[in-house]
Amino acid sequence: MLVCPVRDCHRPLQREERRLVCERGHSFDIARSGYINLLQPQDRRSSEPGDTLAAVAARRRLHDRGFTGPLLDAIADLVCPTPNDVVLDAGCGDGFYLGTLARKAGFSAHGVDIAVPAIEAAARRYPELEWIVANADRFVPYADHSFSMAISITARMNPAEFRRVLREDGRLLIAVPSADDLSELRGSGHDRTARTVETFAAEFALVDQRRATTMADLDSAAVQDVLLSIYRPMQSRPAEAMRLTFSLDLLLFRPRLLFRPR
Ligand SMILES: [Zn+2]
């Protein structure tokens, strides 16, 4: 199902003991922790693209302390995963959402992120799942129609690639921060749902939509972690404990049927 990320190659990758290799001889090592780095030189905008180790660690602490649990539950309620699903998470971060859903539902899970620290963290905690370093904005390194579901939680949006790797009867969940997400820290934001639906309109039809919101009382360490995770400049004094709103707009799409000329 994985295909070679080299431009103009895209042939299937075969798994050997310590590496993946395509028939043209492009080869990719399997890391000690089990993930595979398929990032190509032209995919990098910097030498360490994506989330930093500090942001990944902060986000994982917030997940582990349960603040985002209600958001996870709302996502599970909307997509209703089954053991037969084959799921792609594009921009999976530390793997919390995909890994937790996969362990509950028992589906086949494949996480892609551009950040090595994020994928490393995901692979260490959920070694039974497949974790890939790649730039999903350019190319999702999987064969056509590989997945029954794709999810992107405050992450990548690549309608053409999502459409290509999804089955015709697949479903796509896009989660974007709501206008009131972390509004206590950054003020009221804007509603992203209309623009997101428009972004996907050529390839996908919206079939369901809901808002998941939870409020939590955070101690100063947790507030500091939120600031780290959103790359806000650190304050000179420690963050104060406060009540914060975590809120996502969840958009569920189905692929539009494409009519190809014979
Ligand atoms: Zn190749």
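Residues numbered from 1 in each chain as written. Predicted model: local features only at pLDDT ≥ 70, side-chain atom pairs only at ≥ 80, totals over all residues. Heavy atoms only, no water.

J.: Describe the coordination of the zinc ion, naming the residues involved and giving the relevant values.
T.: Of the protein atoms, only Cys4 (SG), Cys9 (SG), Cys22 (SG) and His26 (ND1) coordinate the zinc ion, at distances of 2.1 to 2.3 Å. Geometry at the zinc ion is tetrahedral, judged from the 4 donor atoms that bind it and their angles of 101 to 120° at the metal. Spacing between the donor residues of the zinc ion along their common chain follows C-x4-C-x12-C-x3-H. In this pair, cysteine 4 sits in the segment before strand 1 (14-15) while cysteine 22 sits in the loop between strand 2 (19-21) and strand 3 (27-29), placing the two residues 18 residues apart along the sequence. Accessibility assignment for this pair places cysteine 4 and cysteine 22 in one class, buried. (Donors = N, O, S within 2.8 Å, 3.2 Å for Na, K, Ca; no water. Tetrahedral: all angles 85-135°; square planar, octahedral: opposite > 155°, others 65-115°. Helix = DSSP H or I, 4+ residues; strand = E, 2+ residues; numbered from the N terminus. Buried < 20%, exposed > 50% of the residue type's maximum accessible area, 1.4 Å probe, protein only.)

J.: Tell me about the sheet that holds strand 2, residues and numbers included.
T.: Across the sheet, which stays open at both edges, the 3 strands sit in the order 1-2-3 with antiparallel pairing between neighbours. The open sheet has two edge strands with one neighbour each: strand 1 and strand 3. When strand 2 meets strand 3, the two strands line up antiparallel, connected through 3 bridges. The residue of strand 3 that forms the bridge with leucine 20 is phenylalanine 28. (Pairing = 2+ DSSP bridges.)

J.: Lay out the sheet that holds strand 10 (residues 204-218) in plain terms, naming residues and giving numbers.
T.: If you walk across this open sheet you meet the 8 strands as 4-7-6-5-8-9-11-10, and the pairing is mixed. Where the open sheet ends on each side, the last strands, each with one partner, are strand 4 (36-37) and strand 10. In this structure, strand 8 (residues 147-153) lies alongside strand 9 (residues 166-177), joined through 6 bridges in parallel fashion. Bridge pairing in strand 9 places isoleucine 153 opposite alanine 175.

J.: How would you summarise the side chain of serine 229 if you had to cite specific residues and measurements?
T.: Within the element layout of this structure, serine 229 appears in helix 8 (residues 220-229). Those residues in contact with serine 229 that lie beyond four places of it in its chain are Ala55, Ala58, Arg59 and Leu62. (Contact = heavy atoms within 4.5 Å.)

J.: Describe the packing of helix 1 (residues 53-64) against helix 8, and please don't skip the residues or the numbers.
T.: Between helix 1 and helix 8, whose axes approach to 8 Å, the crossing angle comes to 135°. The angle between the axes of helix 1 and helix 8 places the two elements in the oblique class. For the crossing formed where helix 1 meets helix 8, the hand is left-handed. Where helix 1 abuts helix 8, its residues Ala54, Ala55, Ala58, Arg59, Arg61 and Leu62 lie against Ala222, Asp225, Val226, Leu228 and Ser229. Grouping the constituent residues of the contact of helix 1 with helix 8 by class yields 7 nonpolar, 1 polar and 3 charged. (Axes fitted to C-alpha atoms, helices over the stretch in contact; angles between N-to-C directions. Parallel < 35°, antiparallel > 145°, perpendicular 65-115°, else oblique. Left-handed = near helix turned anticlockwise from the far one by under 90°. Nonpolar A, V, L, I, M, F, W, Y, C, P; charged D, E, K, R; others polar.)

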